[in-house]
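Chain by chain, the residues:
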Amino acid sequence: MKLDCIIMAGGKGSRLYPLTQNTPKPLLPVNNIPNIVKILAEINRCKIKKAVITTGYLGDELKKNIGNNIYDVEIKYAHEERPLGSAGGVKNASKFTSGDLLIISGDAVFEGDLSDMIKSHYENSADLTIACTEMEDTSRFGVLVTDKSGRIVGFCEKPSEGECDSKLVNIGIYIISREIIEKLPENTKLDFSLDVFPRLIKNKKMMAWKSDAYWCDMGTLSSYLECNMRYSKGKNIIGKNCNISPDAKISGSIIFDGVTVEANACICDAVICKDAHIGNGAGVAHGAVVGENCSVSASEVISPDSLNITRVADQEIMRNDVPNALTMTIG
């Protein structure tokens, strides 16, 4: 068995702005550790020795921070000059690999045992295995329909209520045979869920691997905060080189590196990005994010209901002007 890994990490992370303003989404920390580093640790535990990372937005930043080897895993990068979609990006990256592929979304946190998934894939002689978990609300996800043996017999993409009986949600982790990858067209924008998987049902053995382990798609600001608070057991997460007054009050929040929080400031259920400054007596209320290098003035309150003006690069920008905003609402 020859198995390499491809980590899909080329997305822009628009829904996580301003966290992704200067940081590629896979480098966002989960309890102070970049999520992609957690993924590479699991790859090493599965005895996989080569990983290819697909890059697009801020790809050079990702390469600079991760390098070419972590946990004895050799790392290569496959840059996309234009977005190729999930399957198109994997096809582009596959030129650096030679075996079957374990494909992992760089956006998600997953605590399941991928070595068990690998074992299941080969024991079932599957052409493709999709990891899934059961969820009550499936409306934001791709859903797998299976028979009693776990073989995939259909798909429902982001179904409305009552449209699909299955509750098995695709969590963006796949094992795919080399044969399938080789047959994908070059330099073509393709999505696994929309363009590839439905066409394989008739002639390929596609299996679902169900896990009850914790999984979180960090695609939104609220899910990012929720995931971090789970790992920290609700305690504040404080980055390096921060200057926080002992008279400041902080609860349920993420504070990135280099942040200054002055006396009597109050931060609750919020995210404060790198090198931000929170002034004396200022408040950052539930559901707010302060962007990198931004300042909240003394006694100013940033909250979901406010229309405060923040400042960056000497330009005044309305907080709720989404394309340029430097503070955002969670949820």
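Shown above is the structure to which this text applies.
Our subject in this report is the structure included herewith. (Residues numbered from 1 in each chain as written. Predicted model: local features only at pLDDT ≥ 70, side-chain atom pairs only at ≥ 80, totals over all residues. Heavy atoms only, no water.)

Structural notes on a negative patch on the surface
Among the surface-exposed residues, Glu134, Glu136, Asp137 and Glu161 lie close enough to one another that they form a single negatively charged patch. Positionally, glutamate 161 belongs in the loop between strand 11 (152–157) and strand 12 (168–176). Using a relative accessible area of 84% as the deciding quantity, one classes glutamate 161 as exposed. (Patch = residues over 30% accessible without salt bridge, like charges linked within 9 Å, V, L, I, M, F, W, Y side chains within 5 Å. Areas by Shrake-Rupley, 256 points an atom, 1.4 Å probe, with all protein chains shown as cover. Salt bridge = Lys/Arg side-chain N within 4 Å of Asp/Glu carboxyl O. Lys, Arg positive; Asp, Glu negative; His and termini not counted. Charge placed at Lys NZ, Arg CZ, Asp CG, Glu CD. Helix = DSSP H or I, 4+ residues; strand = E, 2+ residues; numbered from the N terminus. Buried < 20%, exposed > 50% of the residue type's maximum accessible area, 1.4 Å probe, protein only.)

Re the sheet that holds strand 23 (residues 283–284)
Pairing within the open sheet is parallel, and its 4 strands lie in the order 17-20-23-26. Across the chains shown, the open sheet's two edge strands, defined by having one partner strand only, are strand 17 (249–251) and strand 26 (301–302). Here strand 20 (residues 266–268) pairs with strand 23 via 2 bridges, running parallel. Bridge pairing in strand 23 links cysteine 266 to glycine 283. (Pairing = 2+ DSSP bridges.)

So, the pairing of strand 1 (residues 3–8)
Of all 6 residues making up strand 1, 6 are buried, and the element is well covered by its neighbours. The alternating pattern of strand 1 places Leu3, Cys5 and Ile7 and Asp4, Ile6 and Met8 on opposite faces, both of which are buried. Pairing of strand 1 with strand 7 (residues 100–105), which is carried by 6 bridges, proceeds in the parallel orientation. Across the sheet, residue isoleucine 7 finds its bridge partner in strand 7, namely isoleucine 104.

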